[in-house]
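Here are the chains, one letter per residue:
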Amino acid sequence: MHPWAALSPSSISKVMTQRTASIIGGIGRTLIAFGLITLSFTAFQLWGTGLQESRAQDSLENDFESRLAEVEQRAAELGLSNAITGPASAPGSDSVEVSAEAEPTRNELTEDTDDPVMAGAEPRQSMDPAFAELLRVEEGAVMGNINIPAIGVQRHMIEGIGRDDLRKGPGHYPGTALPGQAGNSAIAGHRTTYGAPFGDLDLLQPGDEIIVTTLQGEFRYEVMGYPGEDGEEVGYFIVRPDQVEVLQDYGDN
């Protein structure tokens, strides 16, 4: 006789109910575990990456202060009262959001020139070659800091826009002018995750200041106005990921 034949209909129903409950319970526990994993990943993206960027910023700050002290000491030894070779300010420059998907070229400001710091700018004074070499910034190294008071941005910047670079803070596009020098200086940064340094770029207004400090000194830029969707001027404009012509030198500062 088949084992089920000795069971009453009520017993069979009870066994089936227990099995169904066990299966449903297993599915529920699996979904809860999956939800917790997803929640943990989201929390890491929102807060964990911010902590990672904060630690990187502390390290960059120490590196920049060390480099700055070295430059100041060397300038004093050479009797240089003003190490800035480019314009003291660059009024009228604009801040734009660009895509980090563009393939950068090698930094032409630090290549193929006897004095890399002077490239693209009229020098105010001759510069000791050793001092010019001291101002050279290699890709992946700290190159200065950017301060945008209107939206509370205060970050140290990396020379380079690689994935690991931008996880530490905003990055300067190799191949574009150095801040303070003649030309178009391009800086990329996260708008979400990793501290989201540029998360509020759309809140900039015409006339807001962007202050950039490098080993050469402090330079001030002023946000230009652009026509918004409602016809009013705004302090930003949005470009497509393939609209890399915004990185080109247009002959202004």
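Values in this document were obtained by computation on a predicted structure and should not be read as measured data.

## Observations concerning the overall build of the protein chain
Thought 1: What the protein chain contains, in helices and strands, is 3 helices and 8 strands.
Thought 2: Secondary structure of the protein chain in N-to-C order comes out as α-α-β-β-α-β-β-β-β-β-β.
Thought 3: Taking all contacts inside the protein chain whose residues are at least 6 apart in sequence as the whole, residues at least 24 apart take part in 63%.
Thought 4: Of the accessible surface of the protein chain, which amounts to about 14700 Å², a share of 54% is contributed by carbon and sulfur atoms.

## Describing the pairing of strand β1 (residues 142-148)
Regular strands have side chains that alternate between both faces of the sheet.
Thought 1: In terms of burial, β1 is largely enclosed, as 7 of its 7 residues are buried.
Thought 2: As paired strands, β1 and strand β2 (residues 153-159) are joined by 6 bridges and run antiparallel to one another. Of the residues in β2, the one forming a bridge with Val142 is Ile158.
Thought 3: Across 4 bridges, β1 lies against strand β5 (residues 209-214) in antiparallel orientation. Looking across to β5, one finds that Asn145 is bridged to Thr213.

## Side note on the environment of Asp164
Thought 1: Position of Asp164 relative to the elements: it lies in helix α3 (residues 163-166).
Thought 2: Classification of Asp164 as exposed rests on a relative accessible area of 54%.
Thought 3: In this structure the C-alpha to C-alpha distance between Asp164 and Gly140, which are 24 residues apart in sequence, comes to 8.7 Å.

## So, the pattern of salt bridges
Thought 1: In this structure the tally under the stated criterion is 6 salt bridges.
Thought 2: A salt bridge links Arg74 to Glu77, with the nearest nitrogen and oxygen atoms 3.2 Å apart. Residue Arg74 and its partner Glu77 are located together in helix α1 (residues 9-78), separated by 3 residues, close to a single helical turn.
Thought 3: Note that Arg240 is salt-bridged to Asp242, the shortest N-O span being 3.1 Å.
Thought 4: Exposure remark for Asp242: the relative accessible area of 55% places this residue in the exposed category.
Thought 5: Put simply, Glu209, Glu218 and Arg220 are held in one network by salt bridges that share partners.

## Some points on the sheet that holds β2
The strands making up a sheet associate through hydrogen bonds between their backbones, and the pairing can be parallel or antiparallel.
Thought 1: On the basis of which strands lie adjacent, the open sheet formed by 6 strands has the order β4-β3-β2-β1-β5-β6 and mixed pairing. Either end of the sheet is taken by a strand with one partner, and the two such strands are β4 (187-188) and β6 (217-222).

## Here we look at the nonpolar core
Thought 1: By size, the foremost hydrophobic cluster in this structure holds 27 residues, and its most contacted members are Ile146, Ile148 and Ile210.
Thought 2: Among residues more than four places away in sequence, those in contact with Ile148 are Val153, Leu204, Glu209 and Ile210.
Thought 3: Within the second largest apolar cluster, 8 residues are counted, among which are Leu166, Tyr173, Ala188 and Val239.

## Describing the pairing of β6
Thought 1: Of the strand pairs in this sheet, β5 and β6 are connected by 6 bridges, and their pairing is antiparallel. Paired with Val212 across the bridge in β6 is Phe219.
Thought 2: What sits between the antiparallel neighbours β5 and β6 is a turn of 2 residues.

## Brief notes about the side chain of Asp208
Thought 1: Assignment of secondary structure puts Asp208 in the loop between β4 and β5.
Thought 2: Each residue touching Asp208, except ones within four places of it in the same chain, is listed here: Ala150, Leu203, Tyr221, Glu222 and Val223.

## Observations concerning the confidence of the model for the protein chain
Thought 1: The pLDDT averaged across the protein chain works out to 75; a share of 71% of its residues lies at or above 70.
Thought 2: The low-confidence segment residues 83-125, where pLDDT is below 50, has 108 contacts with residues more than four positions distant or belonging to other chains.

## Here's the deal with a nonpolar patch on the surface
Thought 1: Together, Ile23, Ile27 and Leu31 make up a nonpolar patch on the protein surface, roughly 310 Å² of accessible area in all.
Thought 2: Here Leu31 shows up in helix α1.
Thought 3: Exposure remark for Leu31: the relative accessible area of 55% places this residue in the exposed category.

Conventions used here
- Residues numbered from 1 in each chain as written.
- Predicted model: local features only at pLDDT ≥ 70, side-chain atom pairs only at ≥ 80, totals over all residues.
- Heavy atoms only, no water.
- Helix = DSSP H or I, 4+ residues; strand = E, 2+ residues; numbered from the N terminus.
- Contact = heavy atoms within 4.5 Å.
- Areas by Shrake-Rupley, 256 points an atom, 1.4 Å probe, with all protein chains shown as cover.
- Buried < 20%, exposed > 50% of the residue type's maximum accessible area, 1.4 Å probe, protein only.
- Pairing = 2+ DSSP bridges.
- Salt bridge = Lys/Arg side-chain N within 4 Å of Asp/Glu carboxyl O.
- Core = buried A, V, L, I, M, F, W, Y, C linked by side-chain atoms within 4.5 Å.
- pLDDT = per-residue confidence, 0-100.
- Patch = residues over 30% accessible without salt bridge, like charges linked within 9 Å, V, L, I, M, F, W, Y side chains within 5 Å.

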